[in-house]
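# Structural overview
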Amino acid sequence: WFPGVRPAMQIKGSLSKVSLRTTIKFSVGVIIFIVLGVNTIVHIQDFSQNYLEAVEWRSEALAQGIINQIANNQEYDPNYYVNNLDLLGAFSLQCTQLYELNQEKHVAHISIIDGSGTIAAHNEKALWGKSVESDTLRRHLDQHNLVTFLDDATYHTLIPFFTPQNDYLGSIDIGFPKNV
């Protein structure tokens, strides 16, 4: 044999060892990538759900003053809003004040939508008395449930309120921009 030259069998054995090592390293890398990717997706979904729950809780807390006032008026006269649905517009000042106090916290809007889907009060006066145009918003209003959902670029939290006899009067809608 020539000095410094290996036999063909030795070269073939070295190549298979390198190939096996490379295959193992690549397989382990792919497995780690998949595990980390799935773990990241699960954590992002959990974070998103926790954020939406926090938005819902914050919205309920903001709306509580208006809901308490509606409940107090219902105590004095159970038909207070049933016979005068337009009276919900009397809360427009509260909507505007709540909005102004919280707009640095990224609140997009605060409004009261009556049972027929008409905006009774809103921090933007031009929307008063207009019917809700969004099909998504209208569909969620019809369910009469506390819910947070995305419609275009805004998360809406709908907080329903009822008469003492459990008749649906309307919902308070508090919006937060999606980009937050």
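Described below are features of the structure shown in this document. (Residues numbered from 1 in each chain as written. Predicted model: local features only at pLDDT ≥ 70, side-chain atom pairs only at ≥ 80, totals over all residues. Heavy atoms only, no water.)

## Here's the deal with unusual backbone geometry
Although it is not a glycine, histidine 144 sits at a positive phi angle of roughly 60°. Within the secondary structure layout, histidine 144 lies in the loop between helix H3 (135-141) and strand S3 (147-151). A positive phi angle, close to 60°, is found at aspartate 152, a residue other than glycine. Assignment of secondary structure puts aspartate 152 in the loop between S3 and strand S4 (154-162). (Helix = DSSP H or I, 4+ residues; strand = E, 2+ residues; numbered from the N terminus.)

## So, the environment of lysine 125
Topologically, lysine 125 is positioned in the loop between strand S2 (119-122) and H3. With relative accessibility at 59%, the residue lysine 125 sits in the exposed group. Taking the C-alpha atoms as reference points, lysine 125 and serine 92, 33 residues apart in sequence, are found 8.5 Å from one another. (Buried < 20%, exposed > 50% of the residue type's maximum accessible area, 1.4 Å probe, protein only.)

## As for the sheet that holds S4
Sheet architecture is open: five strands sit in the order S2-S1-S5-S4-S3, paired in antiparallel fashion. Pairing within the sheet leaves two strands with one partner each, and these edge strands are S2 and S3. The sheet shows a mean angle of 25° between the axes of neighbouring strands, direction not considered. Sheet analysis places S4 next to strand S5 (residues 168-177), joined by nine bridges and oriented antiparallel. (Pairing = 2+ DSSP bridges. Axes fitted to C-alpha atoms, helices over the stretch in contact; angles between N-to-C directions.)

## Topic: the pairing of S2
Bridge count for strand S1 (residues 109-114) against S2 is three bridges, and the pairing is antiparallel. Its bridge partner being in S2, isoleucine 112 is matched across the sheet by alanine 121. Connecting S1 to the next strand, S2, in antiparallel fashion are four residues, including glycine 117 with a positive phi near 90°.

## Notes on the pairing of S4
The element S4 is largely enclosed, with a buried count of eight among its nine residues. As paired strands, S3 and S4 are joined by five bridges and run antiparallel to one another. Considered in S4, the bridge of threonine 148 is made with threonine 157. Count of turn residues in the S3/S4 antiparallel hairpin: two residues, of which aspartate 152 carries a positive phi of about 60°. Where S4 hands over to S5, the hairpin turn is made up of five residues, of which asparagine 166 adopts a positive phi near 70°.

Fair warning: the whole summary comes from geometry, so function is off the table for now.
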